[in-house]
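Each chain, written out:
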Amino acid sequence: MERDLTSGSVFQNIVSFSLPYLLSYFLQTLYGMADLFIIGQFNGVDSITAVSVGGQVMHMLTVMIVGLAMGSTVTIAKAVGGRDLTQTSRAVGNTVTLFMGVSAGATALLLIFVKSVAAVMSTPVEAFSETVAYLTICFVGIPFITAYNIISSVFRGLGDPKSPMYFIAVACGVNIGLDCLFIGVFHMGAAGAALGTVLSQTVSVAAAFAVIFKRKMGISLRREDFRPQSAAMGQILKIGVPVAVQDGFIQIAFIVITVIANRRGLSDAAAVGIVEKFIGVVFLIPSTMLSTVSALCAQNIGAGKHGRAAAILRYAICITAGFGFFVSVAVQFAGGVIVGMFTGDAEVIMLGDQYLRSYIWDCMIAGVHFSFSGYFCAYGLSGISFLHNVLSIVCVRVPGAFFASRWFPENLYPMGLAAPGGSLLSVAVCVIAFGWMRKQRKME
């Protein structure tokens, strides 16, 4: 089941690996939107708010789990690239041990503080009880969400991005069906949406296990492989922890910027919310490329093909920057039309057009530092990715959005520039770090 990504056309490997990844991300986005859409058809504002707030919390947790799983993907891919079956088995076994421990601890802790989490999110009183119910059920399902991400990280590390796409497709289809049943037929409200999410993840994990038992994985796991070993566990944590923490910071930054927009008034808040939804879809390409670069480069680094890893980075930068430039130029002419697809309010469309036309340039610039981040993670240097993202958030994105909002209260265009401004700082740090890495390799 292992797939060799250390030979053949670099461009073709990137495309064939990234497309299933992209579809997986798209399905995950659709998966998250389904709950909100379906409950909006059968319930009132209180239930919609409960699912919206609870969904934000679960999205943040999922993103951090995915970030931590990056350590597993890279560690497994390096072992596969080096043709080291013993190390591959050890990495897979330690991944299972680590994530099962993390999920058990997180589940217990979050269930204890579920009401505090809802309070921290400033949940309206009318939606508080439903939000707590939604989160309680979702927190119970964390082991299944974690299991899906463990399995996906293993498959991707082995060079197979298609299987995780099929698993999330199964979960998405089951989730929509269960939402219609629990919310539309049984009138369970937000609790029904949460139950549908957890059960669909359970079905997805069951389907994944069925595939694993049916196929030959190319590796054999022994009891010893599940025992925590400092080398394997250390490598996974060294790469995964900075990525998970960085992704957590990024989600917090989004929440802070949303709060800044909310304080400007209802129309501004609506405009920013609509643009963020659109940006989330467009950013599927840079996000996909980060994961693709990390997996492909890791295999090639494991095989000692450092020049090929650098070529993967160059191709990725060209693809993401080219896509970002095309979309950014198109939005300059169609920003109002795009925002108008979500609302008919003339003021919201005007403000959304302003915000989107400046924010969209981040798609092109972020594509560059996303590609670099994947490259650094493949070398086990995810701390560099953590550094440039934190600097971007703390030095430019949040303060830039805050001051632009204060200085230009009638126009959202300057506030939108904070995002690409932050990405420019990230790119500068990445270029410096890349130059340092090349210098270090020449000295070795």
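Residues numbered from 1 in each chain as written. Predicted model: local features only at pLDDT ≥ 70, side-chain atom pairs only at ≥ 80, totals over all residues. Heavy atoms only, no water.

(A) Structural view of the overall build of the protein. A count of helical and extended segments in the protein gives 17 helices and zero strands. A globule of 444 residues ought to have a C-alpha radius of gyration of about 22 Å, and the protein, at 22 Å, matches this closely. Principal-axis analysis of the C-alpha atoms places the extent of the protein at approximately 60 × 50 × 35 Å. For the protein, with 444 residues in total, the buried portion stands at 52%. A separation threshold of at least 6 residues defines the contact pool for the protein, and within that pool the share at least 24 residues apart is 83%. Roughly 18800 Å² of accessible area belongs to the protein as shown, and the carbon and sulfur atoms make up 70% of that amount. In the protein, the 27 positive side-chain charges and the 20 negative ones have mean positions that sit 15 Å from each other. (Helix = DSSP H or I, 4+ residues; strand = E, 2+ residues; numbered from the N terminus. Rg over C-alpha atoms; globule rule 2.2 N^0.38 Å. Buried < 20%, exposed > 50% of the residue type's maximum accessible area, 1.4 Å probe, protein only. Contact = heavy atoms within 4.5 Å. Areas by Shrake-Rupley, 256 points an atom, 1.4 Å probe, with all protein chains shown as cover. Lys, Arg positive; Asp, Glu negative; His and termini not counted. Charge placed at Lys NZ, Arg CZ, Asp CG, Glu CD.)

(B) Layout of the nonpolar core. Formed by 66 residues in total, the largest nonpolar core has its most connected members in C297, Y355, L356, I360, Y375, F376 and M415. Sort the elements by how many residues they give to this core and helix α14 (residues 361–378) lands first, with ten residues. Residues I38, I145, A194 and I236 belong to the second largest nonpolar core, which totals 31 residues. (Core = buried A, V, L, I, M, F, W, Y, C linked by side-chain atoms within 4.5 Å.)

(C) Representation of a nonpolar patch on the surface. A surface patch of nonpolar side chains, amounting to about 410 Å² of accessible area, comprises L237, V241, V245, F249, I252 and V256. Tracing the backbone shows I252 in helix α9 (residues 230–262). (Patch = residues over 30% accessible without salt bridge, like charges linked within 9 Å, V, L, I, M, F, W, Y side chains within 5 Å. Salt bridge = Lys/Arg side-chain N within 4 Å of Asp/Glu carboxyl O.)

(D) Highlighting helix α13 (residues 346–359). Its 14 residues give α13 an end-to-end C-alpha distance of 20 Å, which sits within 8% of 20 Å, the value for a rise of 1.5 Å per residue. V348, L351, G352, D353, Q354, Y355, L356, S358 and Y359 are the residues of α13 that are buried. (Expected span 1.5 Å × (residues − 1).)

(E) Representation of the confidence of the model for the protein within the structure. With 91% of its residues at a pLDDT of at least 70, the protein reaches an overall mean of 81. Element-level mean pLDDT values for the protein span from 72 in helix α10 (residues 266–282) up to 89 in helix α5 (residues 125–140). (pLDDT = per-residue confidence, 0-100.)

(F) Highlighting the environment of A231. Following the sequence through the fold, A231 ends up in helix α9. Between the C-alpha atoms of A231 and N94, which are 137 residues apart in sequence, the distance is 10.0 Å.

(G) Inspection of the environment of A69 at higher detail. Relative to the elements of secondary structure, A69 occurs in helix α2 (residues 45–81). Counting along the chain gives 82 residues from A69 to I151, while the straight-line C-alpha distance between them is 9.6 Å. In this structure A69 touches F99, N149 and S153, once residues within four positions along its chain are discounted.

(H) View of the packing of helix α3 (residues 85–112) against α5. Between α3 and α5, the shortest axis-to-axis distance is 9 Å and the interhelical angle comes to 165°. In terms of axis orientation, α3 runs roughly antiparallel to α5. As α3 runs across α5, the sense of the crossing is left-handed. Where α3 approaches α5, its residues T107, L110 and L111 are matched on the opposing element by T136, F139 and V140. (Axes fitted to C-alpha atoms, helices over the stretch in contact; angles between N-to-C directions. Parallel < 35°, antiparallel > 145°, perpendicular 65-115°, else oblique. Left-handed = near helix turned anticlockwise from the far one by under 90°.)

(I) Spatial organisation of the packing of aromatic side chains. This structure, assessed with the given rule, holds eleven aromatic pairs. The interplanar angle of 75° and the centroid separation of 5.5 Å between the aromatic rings of F155 and F167 together place this pair among those described as edge-to-face. Taken together, the residues span a long stretch of sequence, with F155 in helix α6 (residues 142–157) and F167 in helix α7 (residues 162–185) at a distance of twelve residues. (Phe/Tyr/Trp six-rings, centres within 6.5 Å; stacked < 30°, edge-to-face > 60°.)

(J) Layout of the pattern of salt bridges. Following the criterion strictly, the structure yields two salt bridges and no others. Residue D353 pairs with R357 through a salt bridge whose shortest N-O separation is 3.2 Å. Remark: R357 and D353 occur in helix α13; sequence separation between them is four residues, near one turn of the helix. A residue is classified by how much of its surface remains accessible, and D353, at 19% relative accessible area, is buried. Judged by relative accessible area, R357 falls into the partly exposed class, the value being 23%.

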